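Geometric and topological summary
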Amino acid sequence: APSGGPILREGEGLSRIRGRLQGPALGTMIRTPGRAMAILAMLVACVECVYEEEQEVVVSMNKVWPFTNPTETYRYYDFPFCQPSVVMPHFMTLGQVLRGDRLVNSLYKMHFKRQVPRTVVCNRNLSEKDVQLFKAAIDANYMFELFVGELPIDRPFGVKSSIDEHGAGGVPTDRYFLVNYLDFIIGYNEQEVVSANVTRDLNLEHLVDITEWKEGMTIQFSYSVHYTHLPDISPSQALELQLKSTMPHGHQNMDIHWLAIINSFVLMLLILSLFLLIIIRVVRSDLSRYLQIPDEELNAVEEETGWKLLHADIFRSPKHRLFFCSAVGAGAQLFSMVVMIVLVGCIGVFYQRGAVASAGVVSYMVTSAVGGYGSAHLYQKLGGEKWAWNIFVTALMFVGPAFIIWSFLNTVAIFYGSTAAFPAATILLMFAMWACVTFPLTVLGGIVGRHRAMKQNQGESPFPCKTNKLAREIPACRWYQSPITQMFATGFLPFSAIYIELHYIFNSVWGPRIYSLYGILLLAFAMLLLVAGTVTVLFTYFHLNAEDHRWWWRSFGTGIAVASFFYVYCIYFFMQTGMNGLLQCAFFFLYSLLVAHGLALMLGSMSFYATYLFVNYIYSRIKAE
C-alpha cells in the first residue's frame, strides 16, 4: 500500500473542487416520469437478478474514502473523474443510506455476456488543482467503490512508487500513477452474474503517470468487459463469496480466532462454575439452617447473620425510581433487539450492504413494547405515580442521547461534505418511524405493563416481605465491600468474556472486513450475560450480609462497569489504527460512547433482573413477620 507523503486533509478535496463542479451536471436529478420508471426497473432487476442475453447490467458508482478513515466518505463524482451529463441516483435500502452509500449511474455500459474490448469513455482535461487533488488522494490511500449489479468492488485510486532515476546511490523520487483503465472480468452462472472483478493486478496499461502537471494535460479513461462461465459458484453464494474475496487476509486468522474463542469460553465456564458453587452452597446451607430453627428462637439467630435482618428494607424503593425503571425498561428493549439481530445473523442474511443497520432499526422499533412494558410494570410495583412521565422517559432513555450525538456528528459531516450526513428525506423518515411506531408501541407496552402490575398487586404486596416506614441504619463497609471494588470486579470479569470478539467486531465496523461469525457472537453474548449476572448476584449477597440493603442501583451498576471497560478498549483500539482528522475521530469516539451507553443499559437491566430473582427467592423463604 502506498505510504508517506502529505495526508489529504478532511474536506480539502471538496473545498478544492467545489469551485469547479458548480455546473448543473453534478447532483442534477431527472425530474421527469422517466426517473420513476427507471428506478422501478432497477428495483425489479435488483429483486430478480436474472438477465436475458444482451440485457443491460447496471454499473453504479458509490463513494470514496481514505483507507484509514472508513467513515470519512465522499461522493465518487466529488473528485474529477469522468461523469455522465446527468447524475441520477440509484435505488438504495435504508441501511445503505445510513452507512453512507450514494449509488449513482456511471459511464460504463455493460450488457450480459457481451464482450467489450478496451473502449474510451471520456478524455478528461485536468487542471493543476485536479492533479494535486489526485496525488493527495493517492497519498492518503483513497479507495473507491462501485457495484456491478448487486456485487460490490473496492479499488484504490492509484499507486505511488519511489523510482531512482539516476541509478544506484541517487535520491529516489516519488511517481504517482492514477488508475484510468478498468478491466472488468464478470463471472456468470446460467442467467445470473455471480462474480465481478476489476483490475485486480495493476500494471502499466491500467495506470497513467500524473506526477507532473502540464498545460493542457488530458487523461483518457477507458474500460473493457470480459465474461467467463463459473458453474461452481451458485447465485445464492455469489454475494458472500464476493465480499469475502475483497477482504484482506480474510481467512488467515480463523484458527487463531477459534482457539481464542474456545479458550475464553472454557475460562468463563470455570469462573461461572466457581461462582455458582459458592452461591449455591453458601445460600442453600444458610437457608436450610435458618428454616430448621423454631420461631421462638428466631430473634437470637438474627444476631448471627446479616442478610436476614434486612427483610423489612430489602424491597424499599430506590432513589430516583422513575429513572431507574426507565433505564431497566430501555435495557430490556436493547437486549431484545440484540438477540433478534444476532439470531437473524446466524441464519446468514447480513451479507447485503447495510443489512445490519436496517435490521437494527426495524428490531428496535418492534421491541419498543418490551421496553415500555418492563419499565411501567416495575414502576407500578415500586409504587410510582408519575406513570406517564415514566413511559416518556423510557422512550427517550436511549433515543435521547442518540439524537444529541447524531445531531452533532451530522452537522460535522455536512460541514465536510461527507456522505456520512443523512439526507433530509432519511431524517424525516427516521423521525416518522420513531413518532409513528416506536413511541406508540412504548406507550402501548407501558399501559399493558402498568395494568398487569395493578392486577397482580390487588389486595397483597408485590414483594414477599413488607417494608418498614423508617429505613434501617447502614453500617460502615470494608474496602472489599465498597462500590468501587464491586464496579471493578463486575466490570472486568464479564468484559474478559467478550474482549477477543470485540477485536473482530471493531475490524468489521471500522474496517473493510465483513463480520459473519454470528454463531460465535451468540456464544460470547451468552457468556457475557451469564458472567455478568452471576458476579452481580455474588456481590449483592456480600452486601446484604454486610447489612446494606441498597442493591437496586448497585445491581444495575454492572452494566455501567462493563461499559466503562468497553470504552477504555475503544481508546486502545483507536491507538492501534491510523484514524485521523476531526470527522473520523468524532464519529469513532462519539458513536463508541453511544454504544457504551446502550451496553450499560442492556447489561444493567439483565444484571438487575438476575439479582431481583435471587433476592426475591431467598426472602420469600425466610420466616419474617
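Up top is the structure these notes are about.
The structure presented is a predicted model; accordingly, all values stated were derived computationally and were not measured.

Judged by nonpolar contacts, the single largest core of 143 residues is most densely connected at Phe-157, Phe-184, Ile-210 and Tyr-619. Non-local contacts of Phe-184, meaning those with residues more than four positions away in its chain, are made with Tyr-108, Met-110, Leu-146, Val-148, Asn-197, Val-198, Tyr-223, Ser-224, Val-225 and His-226. Judged by nonpolar contacts, the second largest core, of 7 residues, contains Leu-98, Val-361, Met-365 and Ile-427.

Attention now goes to the sheet that holds strand 11 (residues 207-209). In spatial order, the strands read 7-8-11; together these 3 strands make up an open sheet with antiparallel pairing. Two strands in the sheet have a free side with no partner beyond their single neighbour: strand 7 (158-163) and strand 11. On average, adjacent strands in this sheet sit at an angle of 35° to one another, irrespective of strand direction. Judged from the 6 bridges that link them, strand 7 and strand 8 (residues 173-179) form a sheet pairing that is antiparallel. Bridge pairing in strand 8 places Ile-163 opposite Thr-173. Sheet strands in contact with helix 4 (residues 128-139) are strand 7 and strand 8, and its direction is about 100° off that of strand 8.

Considering the arrangement of structural elements, one finds Thr-536 in helix 16 (residues 518-545). Residue Thr-536 is classed as buried on the basis of its relative accessible area of 0%. When neighbours within four sequence positions are excluded, Thr-536 is seen to be in contact with Thr-490, Ser-555, Thr-558, Ser-607 and Thr-611.

Our next topic: the environment of Thr-68. Structurally, Thr-68 is set in the loop between strand 1 (59-66) and strand 2 (74-75). For Thr-68, a relative accessible area of 31% translates into the label partly exposed. Separated by 512 residues in sequence, Thr-68 and Asn-580 place their C-alpha atoms 7.8 Å apart. Apart from residues lying up to four places away in sequence, Thr-68 is in contact with Gly-578, Met-579 and Asn-580.

Rules of the game
- Residues numbered from 1 in each chain as written.
- Predicted model: local features only at pLDDT ≥ 70, side-chain atom pairs only at ≥ 80, totals over all residues.
- Heavy atoms only, no water.
- Core = buried A, V, L, I, M, F, W, Y, C linked by side-chain atoms within 4.5 Å.
- Buried < 20%, exposed > 50% of the residue type's maximum accessible area, 1.4 Å probe, protein only.
- Contact = heavy atoms within 4.5 Å.
- Pairing = 2+ DSSP bridges.
- Helix = DSSP H or I, 4+ residues; strand = E, 2+ residues; numbered from the N terminus.
- Axes fitted to C-alpha atoms, helices over the stretch in contact; angles between N-to-C directions.

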